[in-house]
Amino acid sequence: NMPILEQCYNLLDFEAVAKNVMKRTAWAYYSSAADDEITMRENRNAYHKIWFRPRVLQDVTDIDLSTTMLGTKVDIPFYVTATALGKLGNPEGEVVLTRGARKHNVIQMIPTLASCSFDEIVDAAEDGQCQWLQLYVNKNRDITKRIVQHAEKRGCKGLFITVDAPQLGRREKDMRSKFSDVGSNVQSSSGDNVDRSQGAARAISSFIDPSLSWKDIPWFLSITKMPIILKGVQCVEDVIRACHAGVHGVVLSNHGGRQLDFARSGIEVLAEVMPVLRERGLENKLEIFVDGGVRRATDIIKALCLGAKGVGIGRPFLYAMSAYGLPGVDRAMQLLKDEMEMNMRLIGCQNVTQLNPSLVDTRGLSMH
Ligand code: FMN
């Protein structure tokens, strides 16, 4: 007696359904996080520590949720972030997310470790639909260069280099589920000696280069014209370093709590970062994105008030896709649009350019 789709009223509802209908191993891979999963919980909790300071009498008849991210116009300030192994949740895999993103005019970040091939995911997009590439950097830089330049040739509009995963975190739920079948043609694991005893994540990640460093950034800037964004930056020092390295943006992220347990939430780091960037006149040099624990439109609004250009959302779309396929993804995105339109009215803003720090009370964040 699974609830029908119309009984899902918010993004968290999809998670409850997915848990009941998904294969145990797939659920373990999607839902797991590192060690005691403290950071994953904090990703939600941190949003609960921020309160609104709405303005009244603002004529909120017409609400415009649109914005731009890395130069692309989108209908609402979130994107579908990269999550590996889409076919664990749905036999069609990541292309389901591509179709949902198209319908709602949002951007999809394509994972290096997608179940579908990169070209299948690009082919599933319609003309003009924006996609980005998430990159795990291979020890073999020729492979990395080929992946990056192929993505650029196929029209990708951003290169998101994951920097929080020199080694994959220990996700014990995933390890316990004795992962046995990747069920995919994961592009980068070929030739690797795959050890399946450590869970899905570890089985497919041995190619990732732990020697990656700031010294490699000029090389990336030299091999592509795509904007380069570092995904997984976690403190203001590294944001400033990224700025000086000449990259175009950062994602303040802890990988959905799947890497370093006791990493701070992205929204908490954002509150640390933006005042310093403004003080140094660097706030327009980089686009700042946040992900982790975004489940409500109020979360999106809070992140934009604190200075984010947009937010990434991961698990909710995986759960919606696993439980209901494309109609689930479609509904999840529509629910966010409806929630955001209403909440923009209630805080007294007609469009996202009006969102600013004076609309939030962040005194509950632990940095204060
Ligand atoms: N991030 C990457 O950079 N590369 C990946 O391959 C990747 N795979 C993921 C797989 C799963 C199942 C999940 C849940 C996350 C993955 N992430 C990966 C992290 C997401 O891009 C994102 O940082 C995180 O999911 C955001 O948190 P949320 O799931 O709470 O929205």
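It should be emphasised that the depicted structure is a prediction, and the values quoted were computed from it without experimental measurement.

Caption draft 1: The arrangement of the pattern of salt bridges in detail. Scanning all chains against the criterion turns up 17 salt bridges. When the shortest N-O distance is used, the salt bridge between Arg-170 and Glu-172 registers 3.0 Å. Judged by relative accessible area, which is 39%, Arg-170 ranks as partly exposed. Its salt-bridge partner being Arg-363, residue Asp-361 comes within 2.8 Å of it at the nearest N-O pair. Given a relative accessible area of 19%, Asp-361 falls into the buried group. Arg-363 sits in the exposed class, given a relative accessible area of 67%. Salt bridges linked by common partners bring Asp-119, Asp-123 and Arg-154 together as one network.

Caption draft 2: Fine view of the side chain of Arg-295. The residue Arg-295 is located in the loop between strand S10 (287-291) and helix H12 (297-305) in this model. Comment: no salt bridge for buried Arg-295; closest opposite-charge side chain is Glu-15, at 4.8 Å. For Arg-295, the contacting residues outside a window of four places in its chain are Leu-11, Leu-12, Arg-44, Arg-315, Pro-316 and Leu-336.

Caption draft 3: Seen up close, the nonpolar core. Counting 108 residues, the largest nonpolar core has Phe-78 and Leu-355 as the members making the most contacts within it. If one sorts the elements of this core by residue count, helix H14 (residues 326-347) sits on top with eight residues. Those residues in contact with Leu-355 that sit more than four places away from it in its chain are Ile-301, Leu-304, Cys-305, Met-344, Ile-347 and Cys-349. Of all hydrophobic cores here, the second largest spans 13 residues; its members include Leu-70, Tyr-79, Ile-107 and Ile-229.

Caption draft 4: Molecular detail of the site of the ligand. Surveying the vicinity of the ligand reveals 22 residues, the closest of which are Ala-82, Thr-162, Asp-291, Arg-295 and Gly-314. Contact distances for the ligand include 3.0 Å between an oxygen atom and a side-chain N or O atom of Thr-81. Take Ala-82: an N or O atom from its main chain is 2.7 Å from an oxygen atom of the ligand. Here the ligand, which alone exposes 610 Å², has 99% of that area covered by the protein. Of all the elements in the fold, those that place two or more residues in the shell around the ligand are helix H2 (24-31) and helix H13 (315-324). Residues that form the shell around the ligand fall into these classes: seven nonpolar, ten polar and five charged.

Caption draft 5: Region of interest: the pairing of strand S9 (residues 249-252). Of the two faces of S9, the one carrying Gly-249 and Val-251 and the one carrying Val-250 and Leu-252 are both buried. As judged from the four bridges shared by strand S8 (residues 228-233) and S9, these two strands associate in the parallel manner. Bridge pairing in S9 places Ile-229 opposite Gly-249. At this point the chain moves from S8, through helix H10 (residues 236-245), to the parallel S9, and the crossover so formed is right-handed. Where S9 and S10 come together, four bridges link them in parallel fashion. Each bridged residue has a counterpart across the sheet, and for Leu-252 the counterpart in S10 is Val-290. For the handedness criterion, the β-α-β arrangement of S9, helix H11 (residues 266-279) and S10 is classed as right-handed.

Caption draft 6: Spatial organisation of the environment of Ile-347. With respect to the secondary-structure elements, Ile-347 resides in helix H14. Take Ile-347: its relative accessible area is 4%, and that puts it in the buried class. Taking the C-alpha atoms as reference points, Ile-347 and Val-60, separated by 287 residues in sequence, lie 9.4 Å from one another. Not counting the four nearest positions on each side in its chain, Ile-347 is found in contact with Phe-52, Pro-54, Arg-55, Ile-301, Leu-355 and Leu-359.

Cut-offs applied
- Residues numbered from 1 in each chain as written.
- Predicted model: local features only at pLDDT ≥ 70, side-chain atom pairs only at ≥ 80, totals over all residues.
- Heavy atoms only, no water.
- Salt bridge = Lys/Arg side-chain N within 4 Å of Asp/Glu carboxyl O.
- Buried < 20%, exposed > 50% of the residue type's maximum accessible area, 1.4 Å probe, protein only.
- Helix = DSSP H or I, 4+ residues; strand = E, 2+ residues; numbered from the N terminus.
- Lys, Arg positive; Asp, Glu negative; His and termini not counted.
- Contact = heavy atoms within 4.5 Å.
- Core = buried A, V, L, I, M, F, W, Y, C linked by side-chain atoms within 4.5 Å.
- Near = heavy atom within 4 Å.
- Polar contact = N/O pair within 3.5 Å; in protein donor to acceptor, adjacent residues only side chain to side chain.
- Areas by Shrake-Rupley, 256 points an atom, 1.4 Å probe, with all protein chains shown as cover.
- Nonpolar A, V, L, I, M, F, W, Y, C, P; charged D, E, K, R; others polar.
- Pairing = 2+ DSSP bridges.
- Right-handed = clockwise from strand over helix to strand, strands pointing away.

Geometry only, nothing functional implied.
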